[in-house]
Amino acid sequence: MEFMSAYKHLDNLCRDINGTGLTGYIEDMERNHSDAYHVVGWENDYKQLKHYRWVRNQIAHENYADESNMCEPRDVEWLEDFYNRIMNQTDPLALARKATVQPTLREPSGPSKSCTSVCKKPKSSHRQPVGCAAAVYIVLAVLALFILFLFI
């Protein structure tokens, strides 16, 4: 019964997270399959989860199936390890979320938000970043020219 206990433990954790259990976790992986290239081992974890769900279903529903002929100790270890990975946010979905978060959406590091962290262009831009003061002067100059043309 070690396999079923480990499976239920993992399934209940997933249910607490997504409301549907391990099946919901697998479906989330399927919906976010494009994130797989961000996470080493995504495909292996996906296949293992599907396999263990199948094993669980066989044990639960088929007369011939029980843990003695369907499982090995390493299966229990894998399920427990995956449980710990979710708890430590090193599971595939957590790693994909971390990898795909846009750096511009993150809070600036340090005690205060600096003007340059908001006003600089992304590093991938070929142009030099414009400081906040220069940007303000440019906007004011354009606004002044616009007002000047209105009165002429």
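Source: prediction; values computed, not measured.

## Here's the deal with the packing of helix α1 (residues 2–18) against helix α2 (residues 22–31)
Alright, step 1. Two elements in contact, α1 and α2, have axes separated by 7 Å at closest approach and are oriented at 65°. Each of Tyr7, Leu10, Asp11, Cys14 and Asn18 in α1 lies in contact with α2, whose residues at this interface are Leu22, Gly24, Tyr25 and Asp28.
Alright, step 2. Considered class by class, the residues forming the contact of α1 with α2 number 5 nonpolar, 2 polar and 2 charged.

## Points about a nonpolar patch on the surface
Alright, step 1. The grouping of Leu140, Leu143, Ile147, Leu150 and Phe151 at the surface amounts to a nonpolar patch, some 550 Å² of accessible area in total.
Alright, step 2. You can see phenylalanine 151 is positioned in helix α8 (residues 132–151).

## Some points on the nonpolar core
Alright, step 1. Counting 30 residues, the largest nonpolar core has Phe3, Leu10, Tyr25, Leu49 and Leu79 as the members making the most contacts within it.
Alright, step 2. Looking at this core, the elements that each hand over two or more residues are α1, α2, α3 (42–61), α5 (73–87) and α6 (92–100).
Alright, step 3. At 7 residues, the largest contribution of residues to this core is made by α1.
Alright, step 4. With residues up to four places along the chain from it excluded, the contact list for leucine 49 reads Leu10, Leu22, Tyr25, Ile26, Met29, Trp78 and Phe82.

## Observations regarding unusual backbone geometry
Alright, step 1. Even without glycine at this site, glutamine 89 takes up a positive phi of about 55°.
Alright, step 2. The residue glutamine 89 is located in the loop between α5 and α6 in this model.
Alright, step 3. For glutamine 89, a relative accessible area of 46% corresponds to the partly exposed category.

## Thoughts on α2
Alright, step 1. When we look at burial in α2, the residues that qualify are Leu22, Gly24, Tyr25, Ile26, Asp28 and Met29.
Alright, step 2. In the core, the buried residues of α2 are packed alongside α1, α3, α5 and α6.

## A closer look at the packing of aromatic side chains
How two aromatic rings sit relative to each other is given by the distance of their centres and the angle of their planes.
Alright, step 1. Taken as a whole and assessed by the stated rule, the structure comprises 5 aromatic pairs.
Alright, step 2. Relative to tryptophan 78, the ring of tyrosine 52 lies with its centre 5.4 Å away and its plane at 45°, an arrangement referred to as tilted. Taken together, the residues tyrosine 52 in helix α3 and tryptophan 78 in helix α5 connect sequence positions 26 residues apart. As far as the burial class goes, tyrosine 52 and tryptophan 78 line up, both buried.
Alright, step 3. One aromatic cluster in this structure is built from Phe3, Tyr7, Tyr25, Tyr52, Trp78 and Phe82.

## Some points on the pattern of salt bridges
Alright, step 1. Inspection of every chain in the model, using the stated rule, returns 5 salt bridges.
Alright, step 2. For the salt bridge of aspartate 28 with arginine 31, the shortest nitrogen-to-oxygen distance reads 2.3 Å. With aspartate 28 and arginine 31 both in helix α2, this residue pair falls 3 residues apart, about one helical turn.
Alright, step 3. For arginine 31, a relative accessible area of 59% gives the class exposed.

## Re the side chain of glutamate 67
Alright, step 1. If you trace the backbone, glutamate 67 turns up in helix α4 (residues 67–70).
Alright, step 2. Of the side chains with opposite charge, lysine 8 lies nearest to the buried glutamate 67, which makes no salt bridge, at 8.3 Å.
Alright, step 3. Ignoring any residue separated from it by four or fewer positions in sequence, one finds glutamate 67 in contact with Met1, Glu2, Phe3, Met4 and Ile59.

About the criteria used
Residues numbered from 1 in each chain as written. Predicted model: local features only at pLDDT ≥ 70, side-chain atom pairs only at ≥ 80, totals over all residues. Heavy atoms only, no water. Axes fitted to C-alpha atoms, helices over the stretch in contact; angles between N-to-C directions. Helix = DSSP H or I, 4+ residues; strand = E, 2+ residues; numbered from the N terminus. Contact = heavy atoms within 4.5 Å. Nonpolar A, V, L, I, M, F, W, Y, C, P; charged D, E, K, R; others polar. Patch = residues over 30% accessible without salt bridge, like charges linked within 9 Å, V, L, I, M, F, W, Y side chains within 5 Å. Areas by Shrake-Rupley, 256 points an atom, 1.4 Å probe, with all protein chains shown as cover. Salt bridge = Lys/Arg side-chain N within 4 Å of Asp/Glu carboxyl O. Core = buried A, V, L, I, M, F, W, Y, C linked by side-chain atoms within 4.5 Å. Buried < 20%, exposed > 50% of the residue type's maximum accessible area, 1.4 Å probe, protein only. Phe/Tyr/Trp six-rings, centres within 6.5 Å; stacked < 30°, edge-to-face > 60°. Lys, Arg positive; Asp, Glu negative; His and termini not counted.

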